[in-house]
Amino acid sequence: KTHYGARFLTIMNVINYICKPCKLSLSTRHDYLSEVNAMKSHEWKCNGMCSQTIYRPFTRPPGPHEKWWKRHTNECGGKYQIIGFNKNKNNLDSNEWKEKKLLKRREKEKKRRDKKKHRADILDQDSDNDKKWNKTNKRKRENKYKITLE
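Okay, so let's go over this structure.

What counts and what doesn't
Residues numbered from 1 in each chain as written. Predicted model: local features only at pLDDT ≥ 70, side-chain atom pairs only at ≥ 80, totals over all residues. Heavy atoms only, no water. Patch = residues over 30% accessible without salt bridge, like charges linked within 9 Å, V, L, I, M, F, W, Y side chains within 5 Å. Areas by Shrake-Rupley, 256 points an atom, 1.4 Å probe, with all protein chains shown as cover. Salt bridge = Lys/Arg side-chain N within 4 Å of Asp/Glu carboxyl O. Helix = DSSP H or I, 4+ residues; strand = E, 2+ residues; numbered from the N terminus. Buried < 20%, exposed > 50% of the residue type's maximum accessible area, 1.4 Å probe, protein only. Core = buried A, V, L, I, M, F, W, Y, C linked by side-chain atoms within 4.5 Å. Contact = heavy atoms within 4.5 Å. Pairing = 2+ DSSP bridges. Axes fitted to C-alpha atoms, helices over the stretch in contact; angles between N-to-C directions.

**Focus: a nonpolar patch on the surface**
- On the surface, a nonpolar cluster with roughly 350 Å² of combined accessible area is contributed by Val14, Tyr17 and Ile18.
- Mapped onto the elements, Val14 comes out in helix α1 (residues 6-18).

**As for unusual backbone geometry**
- If you check the backbone angles, Ser51 has positive phi at about 45° while not being a glycine.
- Residue Ser51 is classed as partly exposed on the basis of its relative accessible area, which comes to 36%.

**Overview of the nonpolar core**
- Membership of the largest hydrophobic core is limited to six residues, which are Trp44, Cys46, Ile54, Trp69, Cys76 and Tyr80.
- With residues up to four places along the chain from it excluded, the contact list for Trp44 reads Gln52, Thr53, Ile54, Arg56, Phe58, Thr59, Arg60, Pro61, Pro62, Tyr80, Gln81 and Ile82.

**Notes on the sheet that holds strand β2 (residues 53-56)**
- A sheet is described by the order of its strands in space; here three strands give the open sequence β2-β1-β3, paired in antiparallel fashion. Single-partner strands in this sheet number two, and they are β2 and β3 (80-85). For this sheet the average axis-to-axis angle between neighbouring strands, irrespective of direction, equals 30°.
- One ladder, built from four bridges, connects strand β1 (residues 42-46) with β2; its direction is antiparallel. Bridge pairing in β2 places Lys45 opposite Thr53.

**Focus: the pairing of β2**
- Of the two faces of β2, only one is covered, namely that formed by Ile54 and Arg56; the face formed by Thr53 and Tyr55 stays uncovered.
- Counted between consecutive antiparallel strands, the loop separating β1 from β2 contains six residues, among which Ser51 sits at a positive phi close to 45°.

**Things to note about the pattern of salt bridges**
- Counted by the stated rule, this structure contains one salt bridge.
- The partner of Arg56 in a salt bridge is Glu66, with the nearest N and O atoms 2.9 Å apart. Here the residue Arg56 occupies a position in strand β2, and Glu66 occupies one in the loop between β2 and α3 (69-75), the gap between them amounting to ten residues.
- Residue classification places Glu66 among the buried residues on the basis of a relative accessible area of 18%.

**Re the environment of Met39**
- On the secondary structure map, Met39 appears in helix α2 (residues 33-39).
- Relative accessible area serves as the criterion here: at 54%, Met39 is assigned to the exposed category.
- Residues Met39 and Tyr55, 16 residues apart in the sequence, show an inter-C-alpha distance of 9.1 Å.
- Once residues lying within four places of it in the same chain are set aside, the contact partners of Met39 are Arg56 and Pro57.

Quick look at the structure:
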């Protein structure tokens, strides 16, 4: 049973029928294995006789909380040690990832500086306008109360 509505299923079937030549296939079943495997970036290796390698998505070592742990301790008796960690294993190596992060940080700082500079420019323009306005008004006031004797 799918949790999609009848309208979605109809549209999906129409798209699949129209796009048969281009081999586009929409479905209501999704396979997330590639996404799950992409997250497994911590590499653990057993130091016992099995020397099994396990990839996990988090830094917690395999232990009694695993279903297979009892069998492993009985057969091998080894403990797992972390041997590798890659922050973004599939897309970028660690240096590229660091460079990309640094560039983003620099861009943010530049935007912030530009914004501050723009605000300062606006304030300077406002203060210049105020000075001009005050000077012209001062002249007008002086001329208004000038007494001429003839």
